[in-house]
Amino acid sequence: MQLEIRPDPAEVGRARRWARSRLAGSGITADEPLAETLILLVSELVTNAVVHTGRPAVLRLRLPAPVAERGASATVRVEVADTSTRAPVPRCADGDATGGRGLALVDCLADRWGWSPDGAGKSIWCELDRCAQSRQSAAMAFGSGLSAYQDLAFEAV
């Protein structure tokens, strides 16, 4: 499933609402830590596309089938494709900066992430593994990987 994103900051909220509305059908409940982590990842990737490219983008979600139709684990994939060919570039953000930490958050919260050329632009994606056991909370996951990114922030352009 996918959502067309206009180059307007208001689209970030629309993308979060759209992603939340897709979760129930896949068996991911709103109070599950995975749901909030997924929404944060959607928010970060869409924000990067809107703010740093100023061009339309496409948000794609690949959600697992409902619990009865799958095994004990599944992978959730968030992907944002835009028409900018510029690769994600690390940035340093000082402690008072209000932005510049998006991809560091993605790196800490996602099980995997990356980017690749996609047609006339690029696609940035991340994946979360949903296991039968509960995932760590977003705060614990963020805290466990933060030290590697202490002085760096990333932006997708």
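Read on for an overview of the structure. (Residues numbered from 1 in each chain as written. Predicted model: local features only at pLDDT ≥ 70, side-chain atom pairs only at ≥ 80, totals over all residues. Heavy atoms only, no water.)

### Regarding the nonpolar core
Core analysis: the largest hydrophobic core is formed by 32 residues, its most contacted members being V46 and L59. Sorting elements by how many residues they give to this core places helix 2 (residues 33-53) first, with ten residues. Other than its neighbours up to four places away in sequence, L59 contacts M1, Q2, L3, I5, A15, W18, V42, V46, V78, E79 and V80. (Core = buried A, V, L, I, M, F, W, Y, C linked by side-chain atoms within 4.5 Å. Buried < 20%, exposed > 50% of the residue type's maximum accessible area, 1.4 Å probe, protein only. Helix = DSSP H or I, 4+ residues; strand = E, 2+ residues; numbered from the N terminus. Contact = heavy atoms within 4.5 Å.)

### Structural notes on the pairing of strand 5 (residues 112-118)
Strand direction decides the pairing type here: strand 5 and strand 6 (residues 121-130), joined by seven bridges, are antiparallel. Looking at the pairing, P117 lines up with K122 of strand 6. Connecting strand 5 to the antiparallel partner strand 6 that follows it, the hairpin turn spans two residues, and G119 within it adopts a positive phi of roughly 60°. (Pairing = 2+ DSSP bridges.)

### Some details on helix 2
Counted at 1.5 Å a residue, the expected span for helix 2 with its 21 residues is 30 Å, and the 30 Å between its end C-alpha atoms agrees. Within helix 2, 15 of the 21 residues are buried, which leaves the element mostly enclosed by the surrounding structure. Note on helix 2: the residue one or two positions beyond its end, G54, has a positive phi of about 65°. (Expected span 1.5 Å × (residues − 1).)

### With respect to the packing of helix 1 (residues 10-23) against helix 2
Where helix 1 contacts helix 2, the two axes come as close as 9 Å, and the packing angle between them is 150°. Read as a crossing pair, helix 1 and helix 2 show a hand that is right-handed. Taking contact as the criterion, the partners of E11, V12, A15, R16, A19, R20 and L23 in helix 1 are, on helix 2, A35, E36, L38, I39, V42, S43, V46 and T47. (Axes fitted to C-alpha atoms, helices over the stretch in contact; angles between N-to-C directions. Left-handed = near helix turned anticlockwise from the far one by under 90°.)

### Remarks on the side chain of R77
With respect to the helices, strands and loops of the structure, R77 is situated in strand 3 (residues 74-82). Side chain to side chain, R77 and E79 meet in a polar contact 3.4 Å long. If sequence neighbours within four positions are ignored, R77 has contacts with R60, L61, R62, W125, C126 and E127. (Polar contact = N/O pair within 3.5 Å; in protein donor to acceptor, adjacent residues only side chain to side chain.)

### Quick notes on the environment of C126
Locating C126 in the fold gives a position in strand 6. C-alpha of C126 to C-alpha of L41: the two residues are 85 residues apart in sequence and 7.9 Å apart in space. Among residues more than four places away in sequence, those in contact with C126 are L41, L45, V76, R77, V78, V106, A110, R112 and W113.

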